[in-house]
Amino acid sequence: MSTLALRRAGSPIAPITDLARTVRILPDRLAAALRWPAPPGAYRRLLDPRADGLDVRATIEAVIPETEHAATVVLRPGRGWRPHHPGQWASVGVDVDGVRHHRCYSITSPPVDRGTIAAGRGTLTITVQSVPDGKVSKHLVHDARPGDVVSLDGPHGELTLHDRTDPTAPVLFITGGSGITPVISMLRAVDLGLIDLGAGESRHDDSGRSDHGRSDATDVVLVHHAPDAASALFSDEIDAISRRRPGIRRHLIETGPGAPPPDLALSAARLDGLCPDWRRRETWVCGPRQLVDAATEVWEDPRHRTLATLHVERFTPAATPTADADGGDVRFSASGRLASSDGTTTLLELAEAEGLNPLSGCRMGVCRRCVVPLRSGTVRDLRDGRSTCEAGTHIQICVTTAVGDVDIEL
Amino acid sequence: MAAVVHADIVEAPSDPPGPGALTAEQVAEFGAEMDRIRDEVLSSLGEADAAYIRRVIDAQRRLDLAGRITLLFGILPPAWVAGTTMLSIAKILENMEIGHNVMHGQWDWMRDPEIHSTTWEWDNACPSKQWKHSHNQVHHVWTNVVGRDRDVGYGLLRISEDQPWHPAYLAQPVYAAVLACLFQWGVAMHDVDVDGLMNGRRDVQGARVRFAEVRGKARRQLVKDYVAFPALAGPMFLPVLLGNATANLARNVWSASVIFCGHFPGAVPTFTPADVVAEDRAGWYVRQVIGSANISGGRLLHLMTGNLSHQIEHHLFPDLPSNRYPQIAPTVRETCERFGLPYVTGSFPRQVASVAKRIFRMALP
């Protein structure tokens, strides 16, 4: 083999690098042979709960109350976690009553470099607002304890300051409720000098950092919506940041209680009052659907002649079971087929009628050979009437029907 | 509720009730009661159950690791015995209480991708994918139906009058003993269906594909136990190799014995395809009870058998978590007795002896 490598590469180095490669991968190959058939990380986790395997894991370091209904959860990720850009989110897998649920939370901490994470010293925070009937948010705010292990997927998300269309334009953030969470990570990064949100001529700092307290050209307006001042997240901290960096200004709009809050409407007139030059500011909006829709409408209205880009991120609320709809559209997303369900035909029969040939066995719910992940929607088990709506659950398609529109991975 | 005292030994009636023993109404009523038990368990699954399986998996991995490390010093006889014992127990737990039950989807409700029927690969020469076919899909659906359930004699033994006799069966006590010693290889070849191939029932191409899968899995199993771990011990590789072989043998004999006790003791009946033509879900429940047998014993026995000591409960509810079988067993038993269905049970030695007797008896015409 080495002679062949020599001839092919035409260099005496080739067999040596070949050998080096073999030596380098040998420990991994040996570990895999010894571990088989347990999944990666199975044995390392006996000693280190944060060891990575099929997923990246983190332990909860602390849960710090923010408001009556919100708390910041400090997570210490294990190996495999990539540093985030401010504005990105992570999907956090939390076990509640023995069942794993995944929810997406913006990372509220400023970025940490790779080395710190690799050394096991990095932490990241998420700030969770508990929502009524929110299994996971309630658990994280009220029941989670230091030492609990969660699974992490991410970081993900495009709502970052990396894709500024005009790095010289001043910045406007419009947020509502926990929509402030991606923005606080950005503001903390600005405060630490990790990100430069200066307007006007673009400035380059050789060190990549600007000093704390130095008068700079940061020009950021934040318009935040919350039911009242007490439930607005991070108010004191943002005020402290804006004392250090006067270019950062915060406005709070108290929308009043209720869901949805009565005063989420955003209008050009309101923006004129708060931030007269909003039309030329590159804007990021994050919050409940009504707020994002209102902002999109304002920016798309040609009468307002907005000059800069609008970046949006909508919350997708956790799935709630569809009430009593019988049937609906069934999407088999892996194959791209569509079918229509009458609410009594099983998903397996629908898939077969569509010409798909999914793996199935007993057709009576015994052998579980037909399970496929649910992507969205609600399905009902014909045996006992139980319904499932949590995305990612493996459902037995031979004994389930669609309740409303459904998307399954088939 | 008054405590019900159940006898530890219930033999299968010599003239077992067929599926026609109950009226259609009784069958439906029995089915509804079983559905109610299933529903109660499903509604109450929670953190304690999740903690149970995680604890078992954790203990199994610690035991496995401890056994293998101890075996590295296997040149010393006490270390060899201790290491081999730990490894045997770890292998038994992995196959019985963990692997078999996870592959049934008993823990899928936790939505943990690492404890899930779609991802679990067990420490056995049989690929999980094939096991889920031959066991979950064939055996559990066609339980004890001669000609459909290939677990009736495993294509090797005659355990029922419904199977025609052949002189080759005269030596079947020997086959059974050899099968028990090499059980994982029997299980691995089960879904390849050599017997079917010889009798012209199965497609050759499919069998070839499945055989290639078995070869791939077997290679990794053999490399792990007979190359990689002995190599770690360097010059003292031999005790490690012998320890691993002994642990595999112990696991094989133990699991074969437990599994034989599930459907073959005493006069537990087999069925014909004609018996199940008109069967619905409730009828299927009835057949699971009639065709299965429990092993009575303590908690350790239940754990080491992967709760297949609750074979009846397992066959009624193959996808309910095994830690719940002991809990529902009294209700299941009381219901069976109320409907006049046999609830066969007995101690492990007794059931093993009963199976052995049946194998000897059926060797003869």
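Residues numbered from 1 in each chain as written. Chains lettered and ligands numbered in written order. Predicted model: local features only at pLDDT ≥ 70, side-chain atom pairs only at ≥ 80, totals over all residues. Heavy atoms only, no water.

A. Region of the structure containing the overall build of chain A. Tallying secondary structure elements over chain A gives 9 helices and 17 strands in all. Split into buried and exposed, the 410 residues of chain A put 49% on the buried side. When contacts within chain A are restricted to residue pairs at least 6 apart in sequence, long-range pairs at least 24 apart make up 64% of them. About 19700 Å² of surface is accessible on chain A, with carbon and sulfur atoms providing 53% of the total. (Helix = DSSP H or I, 4+ residues; strand = E, 2+ residues; numbered from the N terminus. Buried < 20%, exposed > 50% of the residue type's maximum accessible area, 1.4 Å probe, protein only. Contact = heavy atoms within 4.5 Å. Areas by Shrake-Rupley, 256 points an atom, 1.4 Å probe, with all protein chains shown as cover.)

B. Structural detail: the sheet that holds strand β11 (residues 310-314) of chain A. Residue and element names in this part refer to chain A. The 5 strands lie next to each other as β9-β8-β7-β10-β11, forming an open sheet whose pairing is parallel. At either end of the open sheet lies a strand with only one pairing partner, and these are β9 (248-254) and β11. On average, adjacent strands in this sheet sit at an angle of 10° to one another, irrespective of strand direction. As paired elements, strand β7 (residues 171-176) and strand β8 (residues 220-226) share 6 bridges and run parallel to each other. Bridge pairing in β8 links Gly176 to His225. Packed on one face of the sheet, helix α5 (residues 181-191) meets β7, β8, β9 and β10 (282-287) and runs near 145° to β7. (Pairing = 2+ DSSP bridges. Axes fitted to C-alpha atoms, helices over the stretch in contact; angles between N-to-C directions.)

C. Structural context of a nonpolar patch on the surface. Residues and elements named next belong to chain B. Together, Leu65, Ile69, Phe73, Ile75, Leu76 and Met236 line one region of the surface with nonpolar side chains, adding up to about 570 Å² of accessible area. As for its position among the elements, Leu65 is in helix α2 (residues 47-71). On the basis of relative accessible area, Leu65 is assigned to the partly exposed category, the value being 37%. (Patch = residues over 30% accessible without salt bridge, like charges linked within 9 Å, V, L, I, M, F, W, Y side chains within 5 Å. Salt bridge = Lys/Arg side-chain N within 4 Å of Asp/Glu carboxyl O.)

D. Layout of the interface of chain B and chain A. With 47 residues of chain B at the contact, the number on the chain A side is 39 residues. Where chain B abuts chain A, roughly 3600 Å² becomes buried across the two surfaces, and 54% of that area is made up of carbon and sulfur atoms. Per-residue buried area on chain B facing chain A is highest for Arg61, Arg111 and Glu114 of chain B; these three make up 22% of the total on that side. Linking chain B with chain A are 8 salt bridges. Across the salt bridge formed by Arg386 of chain A and Asp39 of chain B, the nearest N and O atoms sit 2.6 Å from each other. Applying the counting criterion to the chain B and chain A interface returns 20 residue pairs in polar contact (both at pLDDT 80 or more). Put simply, the parts of the chain that give the side of chain B that touches chain A at least two residues each are α1 (24-44), α2, α4 (128-139), α8 (204-232) and α10 (281-290) of chain B. (Buried area = accessible area lost by both parts, 1.4 Å probe. Polar contact = N/O pair within 3.5 Å; in protein donor to acceptor, adjacent residues only side chain to side chain.)

E. Here's a closer look at the packing of aromatic side chains. The tally for this structure, following the rule as stated, stands at 13 aromatic pairs over all chains. Ring centres of Trp107 of chain B and Trp109 of chain B lie 6.3 Å apart, and the angle between their planes is 40°; on these two criteria the pair is classed as tilted. Among the aromatic residues, those joined into a ring-pair cluster are Tyr154, Phe183, Phe260 and Phe264 of chain B. Sitting above the plane of the Phe229 of chain B ring, Arg68 of chain B keeps its charged end 4.3 Å from the centroid. Between Arg220 of chain B and the ring centre of Trp36 of chain A, over which it is positioned, the NZ or CZ distance is 4.0 Å. (Phe/Tyr/Trp six-rings, centres within 6.5 Å; stacked < 30°, edge-to-face > 60°. Lys NZ or Arg CZ within 6 Å of the ring centre and 35° of its normal.)

F. Layout of unusual backbone geometry. A cis amide bond links Trp36 of chain A to the next residue, Pro37 of chain A, at an omega of 0°. Here Gly154 of chain A and Pro155 of chain A are connected by a cis peptide whose omega angle stands at -5°. With respect to the secondary-structure elements, Pro155 of chain A resides in strand β6 (residues 149-156). Of note in this structure, Phe234 of chain A is not a glycine but carries a positive phi near 65°. The class for Phe234 of chain A is buried, based on a relative accessible area of 6%. With a phi angle near 55°, Tyr154 of chain B is a residue other than glycine that sits in the positive phi range. By secondary structure assignment, the location of Tyr154 of chain B is in the loop between α4 and α5 (172-181).

G. Spatial organisation of the nonpolar core. Of all hydrophobic cores here, the largest spans 79 residues; its most connected members are Phe30, Trp107, Phe260, Leu316, Phe317, Val332 and Leu341 of chain B. Residues in contact with Phe317 of chain B, not counting those within four places in the same chain, are Met34, Ile37, Arg38, Tyr285, Tyr325, Ile328 and Val332 of chain B. Core analysis: the next-biggest nonpolar cluster, separate from the first, contains 23 residues, Ala58, Val73, Ile117 and Val150 of chain A among them. (Core = buried A, V, L, I, M, F, W, Y, C linked by side-chain atoms within 4.5 Å.)

H. Local environment of the environment of Ser267 of chain A. Relative to the helices and strands, Ser267 of chain A resides in the loop between β9 and α7 (268-274). Separated by 208 residues in sequence, Ser267 of chain A and Thr59 of chain A have C-alpha atoms that sit 43 Å apart.

I. Region of the structure containing the packing of α5 of chain A against helix α6 (residues 235-244) of chain A. All names here are of chain A. Running from N to C, α5 and α6 cross one another at 30°; their axes reach a closest spacing of 10 Å. One way to sum up the angle between α5 and α6 is to call them roughly parallel. The way α5 lies across α6 gives a crossing that is left-handed. On α6, the residues that touch Ile184, Leu187, Arg188 and Asp191 of α5 are Glu237, Ile238, Ile241 and Arg244. (Parallel < 35°, antiparallel > 145°, perpendicular 65-115°, else oblique. Left-handed = near helix turned anticlockwise from the far one by under 90°.)

As far as function goes, none of this settles anything; it's purely spatial.
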